[in-house]
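Here is how the chains run, residue by residue.
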Amino acid sequence: MERFQAERATLNRMKPTLAERHEGEFAVLFGERLVGVYPTSREAYRAGLHAAGVDRPFYLERITRRPDPVYIAGVRA
Amino acid sequence: MRQRVQLHIDSLYGPLVPVALRPEPERAEMLRNMGRDVPTQVQGWGLIDTGARQTCIDERMAHRLYQQVGVAQTYTPSTQDSEPHEAPVYYGLMAFPGTPLPQIEQTMLGMALGYTVQGGTVVALLGRDWLAGLRMIYDGPTGQLDIYV
């Protein structure tokens, strides 16, 4: 199973609604639960950390209507 | 008035900046409070890469120091058939020891870096998200890099 598959699926379902009021902000999910939406990635990370603890993964993503792929021209992955 | 950081450019290796990858402070504090080991920082080079939209870090270092918080669709020169592939997204802190450059705390992409140049390891690509807050002059003939903070 791909990493964060459940979280991404949950967020994709919520995105149209979230994007109406929170475009450019950061969503945090712990499992399939939305922890919250935060103006900065720093606030989002810390909220995720407090919700999940240091050992369990949580998911953080910037809310955009159309997520663009990231171009990395100078590196061979 | 902006502060100037002067660095030497090696024409073979490009604009290198000293970097230190450090665990995110709040997570480090939580680990300490639990009596657990906090990963020690890793020092190396950051290569300024105007072709990279987002700052990247060496995947092996990231796995040791940082927490993965997502995945991103990426295109690189090695991407086949114009299809993006997924790269892990980490959250962590990067400092620039010996310079007045402000440390950053943000998401970064994990990539296969970790090659050795000039007595150090390239552990980061500093992308346009990092450059967005700075002014940089790359003077090839004199081999000088000026960054204005």
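Along every chain, residues carry numbers that run from 1 in the direction the sequence is written. Chain letters start at A and ligand numbers start at 1, both assigned in the order the entries are written. The model is predicted, so local features are restricted to residues of pLDDT at least 70 and side-chain atom pairs to those at 80 or more, both for listing and for counting; the totals for chains, interfaces and linings are taken over all residues.

Enquirer: Sorry, what's going on with the pairing of strand E11 (residues 144-148) of chain B here?
Expert: Every regular strand shows the same layout, with side chains that alternate between the two sheet faces. All names here are of chain B. Only one face of E11 is covered, namely the one carrying Leu-145 and Ile-147; the face carrying Gln-144, Asp-146 and Tyr-148 has none of its residues buried. A pair of strands is labelled paired if DSSP reports no fewer than 2 bridges between them. Going along the chain from the N terminus, every DSSP run of H or I of four or more residues is numbered as a helix, and every run of E of two or more is numbered as a strand. Taken together, the five bridges between strand E1 (residues 4-8) and E11 define a ladder with antiparallel strand orientation. Paired with His-8 across the strands is Gln-144, a residue of E11. Taken together, the five bridges between strand E10 (residues 135-139) and E11 define a ladder with antiparallel strand orientation. When the bridges of E11 are listed, Asp-139 appears paired with Gln-144. The turn linking E10 back onto E11 is made up of four residues, and Gly-143 within it adopts a positive phi angle of 70 degrees. Around each residue's C-beta, the other C-beta atoms within 10 Å are counted; 20 or more make the residue buried, 12 or fewer make it exposed, and counts in between make it partly exposed. All C-beta atoms are placed from the backbone.

Enquirer: Explain unusual backbone geometry to me, please; I cannot follow it from the model alone.
Expert: Backbone geometry follows two general trends: most residues other than glycine have a negative phi, and most peptide bonds adopt the trans configuration. Positive phi is not limited to glycine here, since Phe4(A) has a value of about 65 degrees. Owing to 23 C-beta atoms within 10 Å, Phe4(A) belongs among the buried residues under this scheme. The backbone of Gln118(B) sits at a positive phi, close to 45 degrees, despite the residue not being glycine. Checked against the element boundaries, Gln118(B) lands in the loop between strand E8 (116-117) and strand E9 (120-126). Accessibility expressed as a C-beta count within 10 Å gives 12 for Gln118(B), which makes it exposed.

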